[in-house]
Amino acid sequence: MPAPQTPNLDLDAALEKAEAIAREAGAILCQHYERVPEFNHKSTSLDLVTAADKETEAFIVGALQAAFPGTHLVGEEGGGYGAPAGSTPYHWYVDPLDGTVNFAHRIPFFSVSIALSDADLNPLLGVVYDPLRDEAFKGIRGRGATLNGRRLRVTKEPSLGSAMLVTGFPYDRWTNPNNNADHFAHFLRRAQAIRCVGSAALDLSYVACGRYEAYWESGPNPWDVQAGILFVEEAGGRVSDYRGARSLQARRGHQIVASNGHVHDQVVAVLTLGDDAPRPTES
Ligand code: IPD
Ligand code: CA
Ligand code: CA
């Protein structure tokens with residue numbers, strides 16, 4: 001039987017539906033958050049999964065499949081669902097709970113991330129929902145992005161020395177020599193401050209709305225970053241890999257820098273030159 005054809009999606013209607021699904025998913029997370037969390041380990045003993053991740057992904061995937069038959073879906077916990085990837089230009093990337101380690105420790109910082117992307121990992125629309133703050137970031141490619149209705153804009157800060165940065169560390173950091181500790185040390189001597197708060201989707205969303213000047217990380221996956229990439233780019237910022245290219249590696253999140261654009265080359269210089277990169281002078 002031929003694969004079902006997907007008619008051109010109405011992106012406005014799709015975003016509205018995706019936001020409604022993300023909000024319902026957030027309510028499921030909040031119900032779980034009230035209880036004592038139970039978790040299992042995934043790739044390493046640092047990488048956790050809870051009942052909340054699984055139940056929320058099942059809800060989101062079921063709702064997206066019902067609303068958008070013929071599309072392909074990738075969920076963090078369950079892999080691929082729906083139509084085969086090669087049969088449709090529409091690929092959903094779902095992270096039901098971004099910030100699982102925070103959640104498991106009852107730290108109130110996590111999100112739901114849903115993106116619709118083309119087959120080359122260019123996001124078409126996205127929503128990231130922080131249920132505890134009731135903050136909904138959303139956007140459509142070429143049409144801008146918003147936070148609770150307010151247009152997202154990156155900051156105009158031009159100097160790394162005055163920049164607030166955010167990063168994350170890979171789950172195999174106990175054994176992986178490329179565990180970001182060296183980059184972190186180099187930025188520590190060059191930026192105003194660095195945060196590490198445990199939700200890549202919110203890290204990118206916060207760059208887009210001007211709370212951070214830049215984010216860098218190696219290790220995330222498309223479900224962590226696709227929605228946030230769209231927000232940063234729609235807010236006037238820039239996304240690349242550690243060499244400054246908007247490569248597949250960057251779009252996958254495997255090695256990503258996202259910034260307000262103005263400090264981007266300075267961030268890339270630190271990632272490529274290490275301690276040989278220029279340092280701000282103290283005034
Ligand atoms: C993780 C978070 C974290 C980032 C990791 C992600 P999870 O997602 O986004 O900030 O550093 O790379 O895997 O496991 O909480 O869904
Ligand atoms: Ca994640
Ligand atoms: Ca997750």
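Residues numbered from 1 in each chain as written. Chains lettered and ligands numbered in written order. Predicted model: local features only at pLDDT ≥ 70, side-chain atom pairs only at ≥ 80, totals over all residues. Heavy atoms only, no water.

As for the site of ligand 1
Here's step 1: Residues in close proximity to ligand 1 total 14 residues, the closest being Asp98, Gly99, Thr100, Tyr171 and Glu217.
Here's step 2: Glycine 99 has a polar backbone atom sitting 2.7 Å from an oxygen atom of ligand 1.
Here's step 3: Coverage of ligand 1 by the protein amounts to 92% of the 380 Å² it exposes when considered alone.
Here's step 4: Top contributing element to the shell around ligand 1 by residue count: strand β5 (residues 91-98), with three residues.
Here's step 5: A class-by-class count of the residues in the shell around ligand 1 yields four nonpolar, five polar and five charged.
Here's step 6: Looking at the shell around ligand 1, you find at least three residues from each of domain 1 (11-151) and domain 2 (160-276). (Near = heavy atom within 4 Å. Polar contact = N/O pair within 3.5 Å; in protein donor to acceptor, adjacent residues only side chain to side chain. Areas by Shrake-Rupley, 256 points an atom, 1.4 Å probe, with all protein chains shown as cover. Helix = DSSP H or I, 4+ residues; strand = E, 2+ residues; numbered from the N terminus. Nonpolar A, V, L, I, M, F, W, Y, C, P; charged D, E, K, R; others polar. Domains from an automatic or database assignment.)

Quick word on the coordination of the calcium ion (ligand 2)
Here's step 1: Donor atoms from the polypeptide that coordinate the calcium ion (ligand 2) comprise Asp95 (OD), Asp98 (OD) and Asp224 (OD), at 2.0 to 2.2 Å from the metal.
Here's step 2: Along the chain, the residues donating to the calcium ion (ligand 2) fall in the pattern D-x2-D-x125-D. (Donors = N, O, S within 2.8 Å, 3.2 Å for Na, K, Ca; no water.)

Digging into the coordination of the calcium ion (ligand 3)
Here's step 1: Around the calcium ion (ligand 3), the protein contributes the donor atoms Glu76 (OE), Asp95 (OD) and Leu97 (O), which lie 2.2 to 2.4 Å from the metal centre.
Here's step 2: The sequence pattern formed by the donor residues of the calcium ion (ligand 3) is E-x18-D-x1-L.
Here's step 3: Separating the calcium ion (ligand 3) and the calcium ion (ligand 2) is a distance of 3.6 Å, and aspartate 95 donates to both of them. Taken together, the positions of glutamate 76 in the loop between β3 (72-75) and β4 (79-82) and aspartate 95 in strand β5 put the pair 19 residues apart, joining distant regions of the chain.
Here's step 4: Here aspartate 95 falls in the buried class, since its relative accessible area comes to 0%. (Buried < 20%, exposed > 50% of the residue type's maximum accessible area, 1.4 Å probe, protein only.)

A short note on the side chain of threonine 88
Here's step 1: Along the polypeptide, threonine 88 turns up in the loop between β4 and β5.
Here's step 2: Here threonine 88 falls in the buried class, since its relative accessible area comes to 5%.
Here's step 3: A distance of 2.9 Å separates a polar atom in the side chain of threonine 88 from the backbone nitrogen of tyrosine 90.

So, the pairing of β5
Within a regular beta strand, the side chains point alternately toward one face of the sheet and then the other, so they alternate between its two faces.
Here's step 1: Most of β5 sits inside the fold, with eight of its eight residues counted as buried.
Here's step 2: One ladder, built from four bridges, connects β3 with β5; its direction is parallel. Looking at β5, one finds that glycine 75 is bridged to valine 94. (Pairing = 2+ DSSP bridges.)

The analysis is restricted to geometry; functional conclusions fall outside its scope.
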